[in-house]
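Coordinate inspection notes
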Amino acid sequence: MTDRHFRTMGQQAERRSWAEPWKIKMVEPIRMTSREDRARALAEAGYNTFLLRSEDVYIDLLTDSGTGAMSDRQWAGMMLGDEAYAGSRNFYHLEDAVRTYYGYPHVVPTHQGRGAEHLMSRALISRGQFVPGNMYFTTTRLHQELAGGTFVDVIIDEAHDPTSLRPFKGNVDLDKLDGLIRREGAEKIAFMSLAGTVNMAGGQPVAMANVRALRELCDRYGVRIYLDATRMVENALFIQEREEGYRDTPIAAILKEFCSYTDGCWMSAKKDNLVNIGGWLAVRDAPLFDKLRNLVVVYEGLHTYGGMAGRDMEAVAIGIAESVEDDHVRARVGQVRYLGDLLLDWEIPIVVPVGGHAIFLDARRFYAHLAQDVFPAQTLAAELYLDSGVRAMERGIVSAGRDPKTGDHRRPKLELTRLAIPRRVYTQAHMDVVAEAVKAVHDAREGARGLRMVYEPSYLRFFQARFDPLP
Ligand SMILES: Cc1ncc(COP(=O)(O)O)c(C=O)c1O
């Protein structure tokens with residue numbers, strides 16, 4: 001007999017355990033590789049986790065984009081694809097779902113989020129204008145720059161501090177925005193680019209009070225607000241949990257109220273909307289809609305499919321309705337938090353508060369001995385893969401790219417390695433394996449030497465850059 005006592009997750013936290021609101025109907029085998037296999041694969045991939053073959057990955061936390069598991073209802077919907085070139089019935093289902101849950105009247109489908117960003121940027125930005133935003137996102141900013149705009153960061157300062165415990169670190173700093181508008185004049189502001197659960201800040205939410213105040217400020221100057229709604233459902237959960245007056249408000253109602261303060265949105269349906277591919281944009285303004293509906297036929301496809309198959313639009317429409325169910329969102333964010341709590345308990349430096357879709361390891365503190373020029377976050381992603389086959393992604397100096405004017409590296413304050421959790425894919429046991437892998441790499445941190453970039457593509461370099469290990 002042993003006197004050890006095993007305790008469940010809930011018992012350890014002195015509460016009742018919860019479980020995911022789904023059961024598994026189909027499985028995809030994954031396999032663990034040897035360290036030698038992984039060392040070879042990593043060298044072939046130029047120490048960039050984007051260049052690994054997924055077959056060589058054990059637990060894939062590269063991204064939560066397009067990697068979720070669809071429900072039986074979504075798969076059934078795929079069989080109802082109306083693959084007509086024009087006027088597919090699935091488009092009208094998608095349009096209805098967006099109107100019902102997001103509240104915008106005019107909908108344009110696109111192949112994924114960046115297709116929508118491209119069209120919005122072309123339609124809304126004139127050369128020389130500024131685009132204020134609550135922290136940059138890689139593809140969003142690039143499309144804004146390609147359209148002739150200059151992105152200006154107007155997020156609150158605490159967003160750049162991985163240790164600040166402010167509950168809404170995605171908030172817009174209204175004084176920064178007001179200062180920019182006064183300095184440049186309202187006509188030089190293309191629009192306010194607002195994102196829910198700010199990805200690059202660690203998945204940090206925006207408060208309802210902040211978007212309400214933002215609306216008032218923008219109305220004073222006649223500036224429009226467009227929302228990156230990619231992870232807005234997860235943002236709604238943080239409002240429900242943290243903001244006065246929303247505890248009993250369903251996620252769906254919070255989402256709709258938040259959107260009501262904005263003029264439209266773009267969407268990567270591959271995240272919140274629970275599909276493997278797809279996107280859309282939606283606006284209130286009819287003349288703008290005409291312009292976007294015309295642009296979509298040039299770059300994506302006819303305005304009733306925009307690069308998606310009919311079956312994909314059906315899956316998005318069903319996914320939207322599933323995505324706003326309170327139990328789903330709680331379990332999704334709860335799983336991320338479970339992993340975060342383990343790492344925090346073991347004193348591994350991560351961005352706090354834990355965000356909605358991912359754990360962000362703070363590579364600056366993790367590898368305190370490495371300068372930003374030797375790519376600590378990229379190094380950490382490589383070391384984690386080598387140790388355990390867990391695939392993460394760099395979100396630091398490599399992702400930030402170069403300043404288009406000076407050509408120098410942009411040096412973000414946040415040097416992070418992201419462990420993004422796909423929706424409805426992994427179990428608690430997978431999270432335990434990941435946590436132990438991060439701990440092993442942390443225990444061995446003093447041996448890390450950093451990397452040198454040996455190939456750098458012109459756009460979005462983090463996807464395809466190659467590195468060599470430093471001796
Ligand atoms: C916040 C945010 N906006 C936009 C996008 C772009 O979407 P997509 O990858 O579907 O082109 C992403 C994708 O990672 C994202 O995280």
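Everything in this summary refers to the structure shown in the same document.

Basis of the calculations
Residues numbered from 1 in each chain as written. Predicted model: local features only at pLDDT ≥ 70, side-chain atom pairs only at ≥ 80, totals over all residues. Heavy atoms only, no water. 1 Å grid on protein atoms, 1.4 Å probe; cavity = no way out; pocket = protein on both sides within 12 Å on 5 of 7 lines; lining within 4 Å. Points joined across faces, edges and corners; volume = space filled by probe spheres on them. Nonpolar A, V, L, I, M, F, W, Y, C, P; charged D, E, K, R; others polar. Salt bridge = Lys/Arg side-chain N within 4 Å of Asp/Glu carboxyl O. Near = heavy atom within 4 Å. Polar contact = N/O pair within 3.5 Å; in protein donor to acceptor, adjacent residues only side chain to side chain. Helix = DSSP H or I, 4+ residues; strand = E, 2+ residues; numbered from the N terminus. Pairing = 2+ DSSP bridges. Axes fitted to C-alpha atoms, helices over the stretch in contact; angles between N-to-C directions. Contact = heavy atoms within 4.5 Å. Phe/Tyr/Trp six-rings, centres within 6.5 Å; stacked < 30°, edge-to-face > 60°. Lys NZ or Arg CZ within 6 Å of the ring centre and 35° of its normal.

**As for empty space enclosed by the protein**
Enumeration over the complete set of coordinates arrives at 4 cavities of 30 Å³ or more. Approximately 60 Å³ is the volume found for the largest cavity. In terms of lining, the largest cavity is formed by Glu20, Trp22, His328, Ala331, Arg332, Gln335, Arg424 and Tyr426. In terms of residue class, the lining of the largest cavity is made up of 3 nonpolar, 2 polar and 3 charged.

**Looking at the pattern of salt bridges**
Under the definition given, this model contains 32 salt bridges. A cluster of three or more residues bridged by salt bridges with shared partners is formed by Asp64, Arg231, Glu234, Asp272, Arg332 and Arg423.

**Quick look at the site of the ligand**
The environment of the ligand is formed by 13 residues, the closest being Gly113, Arg114, Asp228, Ser268 and Lys271. One of the side-chain N or O atoms of Asn199 is found 3.0 Å from an oxygen atom in the ligand. Asp228 places a side-chain nitrogen or oxygen 2.6 Å from a nitrogen atom of the ligand. Of the residues forming the shell around the ligand, the biggest block, 3 residues, is contributed by helix H5 (residues 113-124). Here the shell around the ligand is built from residues that sort into 1 nonpolar, 6 polar and 6 charged.

**Here we look at the layout of surface pockets**
Approximately 1400 Å³ is the volume found for the largest pocket. In this structure, the largest pocket is lined by 36 residues; those nearest its centre are Met26, Gly68, Ala69, Arg424 and Val425. Of all the elements in the fold, those that place two or more residues in the lining of the largest pocket are helix H3 (72-78) and helix H13 (326-345). Sorting elements by how many residues they give to the lining of the largest pocket places H3 first, with 3 residues.

**Comments concerning the sheet that holds strand S9 (residues 358-362)**
A sheet is described by the order of its strands in space; here 3 strands give the open sequence S9-S12-S11, paired in antiparallel fashion. Each edge of the open sheet is held by one strand with a lone partner, namely S9 and strand S11 (393-395). Along the sheet, successive strands turn relative to each other by an average axial angle of 35 degrees, direction set aside. Sheet analysis places S9 next to strand S12 (residues 416-420), joined by 5 bridges and oriented antiparallel. Bridging from a neighbouring strand, Phe360 pairs with Arg418 of S12. Sitting on the sheet, helix H15 (residues 376-388) is in contact with S9, S11 and S12, with an inclination near 45 degrees to S12.

**Quick notes on the environment of Gly68**
Inspection of the secondary structure puts Gly68 in the loop between strand S1 (59-60) and H3. Considered as a pair, Gly68 and Asn276 are 208 residues apart in the sequence and their alpha carbons are 6.7 Å apart. Ignoring anything within four residues of it in the chain, the contact list for Gly68 reads Asn276, Arg423 and Val425.

**Observations concerning the packing of aromatic side chains**
In this structure the tally under the stated criterion is 10 aromatic pairs. With a centroid separation of 5.2 Å and 75 degrees between ring planes, the pair formed by Tyr85 and Tyr305 is classed as edge-to-face. With Tyr85 in the loop between H3 and helix H4 (89-101) and Tyr305 in the loop between helix H11 (286-299) and helix H12 (310-323), the pair connects residues that are 220 residues apart, well separated along the chain. Taken together, Phe50, Phe462 and Phe463 form an aromatic cluster joined through their ring pairs. Over the aromatic face of Tyr136 sits the side chain of Arg141, whose NZ or CZ is 3.8 Å from the ring centroid. Here the guanidinium or amino end of Arg395 rests over the ring plane of Phe462, the centre of that ring lying 4.7 Å away.

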